[in-house]
Structures are given as structure tokens and as C-alpha cells.
Amino acid sequence: MAVNASDANVANTTSAASAAERLRITEIFHSIQGEADAIGWRTVFVRLTGCPLRCVWCDTEYSFYGGDWRDIDDILAEVASHGAKHVCVTGGEPLAQKRCLILLRKLCDEGYEVSLETSGAIDVSDVDPRVRKVMDLKAPDSGESKRNLWTNLNHLLPHDQVKIVIASRADYEWSRDVVAEHAIDKRCMVLFSPVHGAVEPRALAEWIIEDKLPVRFQLQLHKLLWQDAPGH
Ligand SMILES: C[S@@+](CC[C@H](N)C(=O)[O-])C[C@H]1O[C@@H](n2cnc3c(N)ncnc32)[C@H](O)[C@@H]1O
Ligand SMILES: Nc1nc2[nH]cc(C(=O)O)c2c(=O)[nH]1
Ligand code: SF4
Ligand SMILES: [Mg+2]
């Protein structure tokens, strides 16, 4: 059937609109939240592809490249199919794709408890305030501490969390001093987590006790349960 000019315009507008609502996705999976304040909840994870950082200990390098372009509505449908109340948007660096902000807003509109794992290197000021941000500050041994965007601390809400992943005693001392200097514990919960396989978790726990720090110790629960298996 012939398509007249106005139909063609409608078709173009429609495809432009849906292209504008697509995200590059590495995986969507259903598991147990292994990190931060929602630890232990059955959660659907949406892992966005790509990251402008290269933390030396990154456990998710498989998300740097590839992925599939997916419509946000299609992502929402897959999330809904798992019947979980919690959704975690992660990556890669999710905020490196601007349209992540739309996904976050739509997930909140649908009534999910939404958390966002972000590196702390990209401005978080436009993230929907209903989202619980879990924002890393990168310690020196990550090789990426120059990327910390310190103004992000001004956009944290009481339900957000700041996480520092620690690979050594020197990283620990840096983290302890940064928390004190910026009074981060007065803004929101602070999490200290050992780099998996680098620093002895017990050593980190003992340093926190010894210095009476106002921070929450954290181990990645999914690594205890499933080691490094992707898809969990
Ligand atoms: C893979 S990142 C994705 C989100 C974002 N790019 C970020 O860095 O927060 C999710 C979380 O995993 C943590 N992580 C990555 N590799 C890790 C490792 N080897 N041991 C402990 N935590 C790790 C990151 O620090 C971050 O808190
Ligand atoms: N189970 C599980 N919990 C997680 N919490 C944050 C994760 C992440 O990679 O951002 C993650 C993950 O990869 N798996
Ligand atoms: S910012 Fe996150 S995803 Fe990117 S390299 Fe660091 S830990 Fe990995
Ligand atoms: Mg992970």
C-alpha cells in the first residue's frame, strides 16, 4: 500500500521518538541484592553498557562494550516480568547514557523501590529524588580518584548512600579522612567495602572498629553466594 507524505511523517516522528527512548543494555537479571542498604532483597538488575572509567579492580569489565539497544518500554516490561519490588540500575556507568534518567523516572512512576549504582564521576543532580543513589567515591588504588566529582556530595539525600571500595590500608586512611573532612556521614549512610580479593575483609572490619568510624562495613553478598558468576 502507498504511504502518503503525512503518514511517512508520522512514521518518522514515531521512530525518532522511540530511538530517543533507547538504552544500550548489557543484561537484565533477577537476583538477590548483594550491596548497599537494600542488601538481601530480591531485585531486578538493569545493567547499562559502557563506562568512561577504568577502575583497576572493576568486576564488571564485560559491560564496557557491546550490549543491545533496547526501548525503555521493553526494558520496563522485562523488569515487570520478574515480579520484584526492588530494581537496581547499574553498569558500567549508567549515567553515562543520558536517557538513563528517563528509565529511572519511569521505574519510580511504576512504583518500584529504585536504586542507582553510580561511580560518582558524573553529575547526579538530575536523578529523580525518589531514586536511592548509591554513589561511589573512588579511592586512590582504583586509579580513578581524579574523576571524583566532589560537587555531587551536595546532591545527596538522606536515603542515598556513599560507598568507598577499599583495596589497601592507604585507601582506608584516605577514605577515613575524606568522610571526616566532608562530614559525609552527616549527609547519608557511608559504606566501606573491601575490594574483592585484595584487602582482607577482617582487617578492614578491625580498622573500622579501632577508629570508631561512623560507617557501615559491607561485603558483596552475591560473591559469597555465587562467586564471580555473571548473571547474579
Ligand atoms: C560495577 S559498579 C557499576 C556502577 C558504577 N560504575 C560504580 O562504579 O559505582 C557497581 C559497584 O561494584 C563495585 N565493585 C566493582 N568491582 C569491585 C570489586 N572488585 N570489589 C568490590 N566492589 C567492586 C563498585 O565500586 C560499585 O560500587
Ligand atoms: N547480586 C548482585 N547485587 C549487586 N548489587 C550491585 C551490583 C552491581 O554490579 O552494581 C550487583 C550485582 O552485580 N549482583
Ligand atoms: S566506574 Fe564502576 S563500572 Fe566503571 S570501571 Fe569503575 S567500578 Fe567498573
Ligand atoms: Mg557487580
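Residues numbered from 1 in each chain as written. Chains lettered and ligands numbered in written order. Predicted model: local features only at pLDDT ≥ 70, side-chain atom pairs only at ≥ 80, totals over all residues. Heavy atoms only, no water.

For the chain, the name recorded in an unreviewed UniProt entry is 7-carboxy-7-deazaguanine synthase, with Dyella dinghuensis as its organism. For the chain, the Pathway (unreviewed entry) comment in UniProt is given as "Purine metabolism; 7-cyano-7-deazaguanine biosynthesis." (UniProt positions renumbered as here; feature names shortened; annotations may be inferred.)

**Student:** I would appreciate a short explanation of the pairing of strand S4 (residues 86-90) in the present structure.
**Tutor:** Successive side chains on a regular strand alternate, one facing one side of the sheet and the next facing the other. Most of S4 is tucked away, with five of its five residues classed as buried. Side chains His 86, Cys 88 and Thr 90 of S4 all project onto a buried face; the interleaved residues Val 87 and Val 89 project onto the opposite face, where all are buried too. As judged from the five bridges shared by strand S2 (residues 42-48) and S4, these two strands associate in the parallel manner. Bridge pairing links Arg 47 to Thr 90 in S4. Relative to strand S5 (residues 113-118), S4 is paired through four bridges, and the arrangement is parallel. (Buried < 20%, exposed > 50% of the residue type's maximum accessible area, 1.4 Å probe, protein only. Helix = DSSP H or I, 4+ residues; strand = E, 2+ residues; numbered from the N terminus. Pairing = 2+ DSSP bridges.)

**Student:** What should I look at first to understand the UniProt feature "binding site: S-adenosyl-L-methionine" (unreviewed entry) in the chain in this one?
**Tutor:** UniProt feature "binding site: S-adenosyl-L-methionine" (unreviewed entry): in the numbering of this structure it lies at Trp 57, Cys 58, Asp 59 and Gly 92. Taken together, the annotated residues stretch across 36 residues yet fold into one region, lying no more than 13.1 Å apart by C-alpha. Cross-referencing the annotated residues with the largest pocket identifies Trp 57, Cys 58, Asp 59 and Gly 92 as lining it. Within the secondary structure, Trp 57 sits in the loop between S2 and strand S3 (68-71). Overall, the relative accessible area of 22% leaves Trp 57 in the partly exposed class. Non-local contacts of Trp 57, meaning those with residues more than four positions away in its chain, are made with Lys 138, Asp 141, Ser 142, Val 165, Ala 167 and Val 195. Here Asp 59 shows up in the loop between S2 and S3. Under the relative-accessibility criterion, Asp 59 is labelled partly exposed at 39%. (1 Å grid on protein atoms, 1.4 Å probe; cavity = no way out; pocket = protein on both sides within 12 Å on 5 of 7 lines; lining within 4 Å. Contact = heavy atoms within 4.5 Å.)

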